[in-house]
Amino acid sequence: QVQLVESGGGLVQAGGSLRLSCAVSGSIFSLNGMGWYRQAPGNQRELVATITTGGKTTYYLDSVKGRFTISRDNAKNTMYLQMNSLKPEDTAAYYCRRGRFDTVGHWIPEFGSWGQGTQVTVST
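Note that the structure is a prediction, hence the values are computed from the model and not measured.

Caption draft 1: Main features of the overall build of the chain. If you tally the helices and strands in the chain, you get zero helices and 11 strands. Listed by position from the N terminus, the elements making up the chain come as β-β-β-β-β-β-β-β-β-β-β. For 124 residues, the compact-globule formula gives about 14 Å, and the C-alpha radius of gyration of the chain, at 14 Å, lands near that figure. Based on the C-alpha atoms only, the size of the chain along its principal axes is roughly 40 × 30 × 30 Å. Put simply, the chain has 124 residues, and 42% of those count as buried.

Here it is in structure tokens:
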């Protein structure tokens, strides 16, 4: 059974940094694209960033470009989200998810339940 466990969230002041981790077990990690989502209070989940199987191509939500960096270490079965220059609007629960990309680069998330996520709270 595939398991994805997010960690690394916390409380940080605006302008600070956090690094989120997503540990994957029960699958061949290197064969899957991966993505980070977030859900702020009262909002729907939104896609924050994606990364291809080899980590060479990435996508970012416009509002996080230049501040967030998605990466993966296939040898460690772990995906990361380095978040710098955090803003209060980044406050959300962050989730990781497996997926793939179609021939025009559209992200197709894997079907399934969501994990616990990790909470990021950015204070003013």
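Picking up after the structure, the text goes on.
Caption draft 2: Inspection of unusual backbone geometry at higher detail. Positive phi, normally seen in glycine, also occurs at Asn 77, with a value near 55 degrees. Among the structural elements, Asn 77 can be located in the loop between β7 (68-73) and β8 (78-83). Take Asn 77: its relative accessible area is 26%, and that puts it in the partly exposed class. In the Ramachandran plot, Ser 85 falls in the positive-phi region, its phi being about 50 degrees despite a non-glycine side chain. Within the element layout of this structure, Ser 85 appears in the loop between β8 and β9 (92-101). Residue Ser 85 is classed as partly exposed on the basis of its relative accessible area of 40%.

Caption draft 3: Main features of the layout of surface pockets. The volume enclosed by the largest pocket comes to roughly 200 Å³. Around the largest pocket sit Val 2, Leu 4, Glu 6, Cys 96, Arg 97, Arg 98, Glu 110, Phe 111, Gly 112, Ser 113, Trp 114 and Gly 115, which together line it. Sorting the residues of the lining of the largest pocket by element identifies β1 (3-7) and β9 as the ones contributing at least two each. At three residues, the largest contribution of residues to the lining of the largest pocket is made by β9. Residues of the lining of the largest pocket, tallied by class, amount to five nonpolar, three polar and four charged.

Caption draft 4: Up close: the side chain of Arg 72. With respect to the helices, strands and loops of the structure, Arg 72 is situated in strand β7. The charged side chain of Arg 72 is buried without a salt bridge, its nearest counter-charge being Asp 73 at 8.4 Å. In terms of polar contacts, Arg 72 uses its side chain to reach the backbone carbonyl oxygen of Thr 52, at 3.0 Å. Only 3.4 Å separates the side chain of Arg 72 from the backbone oxygen of Thr 53, close enough to count as a polar contact. With residues near it in sequence (within four places) discarded, Arg 72 still touches Phe 29, Ser 30, Asn 32, Gly 33, Met 34, Ile 51, Thr 52, Thr 53, Gly 55, Thr 78 and Met 79.

Caption draft 5: Summary view of the pattern of salt bridges. A complete count under the given rule lists six salt bridges for this structure. Among the salt bridges present, the one from Asp 62 reaches Lys 65, with a minimum N-O distance of 3.0 Å. One network of salt bridges, with partners in common, ties together Arg 38, Glu 46, Arg 67 and Asp 90.

Thresholds applied
Residues numbered from 1 in each chain as written. Predicted model: local features only at pLDDT ≥ 70, side-chain atom pairs only at ≥ 80, totals over all residues. Heavy atoms only, no water. Helix = DSSP H or I, 4+ residues; strand = E, 2+ residues; numbered from the N terminus. Rg over C-alpha atoms; globule rule 2.2 N^0.38 Å. Buried < 20%, exposed > 50% of the residue type's maximum accessible area, 1.4 Å probe, protein only. 1 Å grid on protein atoms, 1.4 Å probe; cavity = no way out; pocket = protein on both sides within 12 Å on 5 of 7 lines; lining within 4 Å. Points joined across faces, edges and corners; volume = space filled by probe spheres on them. Nonpolar A, V, L, I, M, F, W, Y, C, P; charged D, E, K, R; others polar. Lys, Arg positive; Asp, Glu negative; His and termini not counted. Salt bridge = Lys/Arg side-chain N within 4 Å of Asp/Glu carboxyl O. Polar contact = N/O pair within 3.5 Å; in protein donor to acceptor, adjacent residues only side chain to side chain. Contact = heavy atoms within 4.5 Å.

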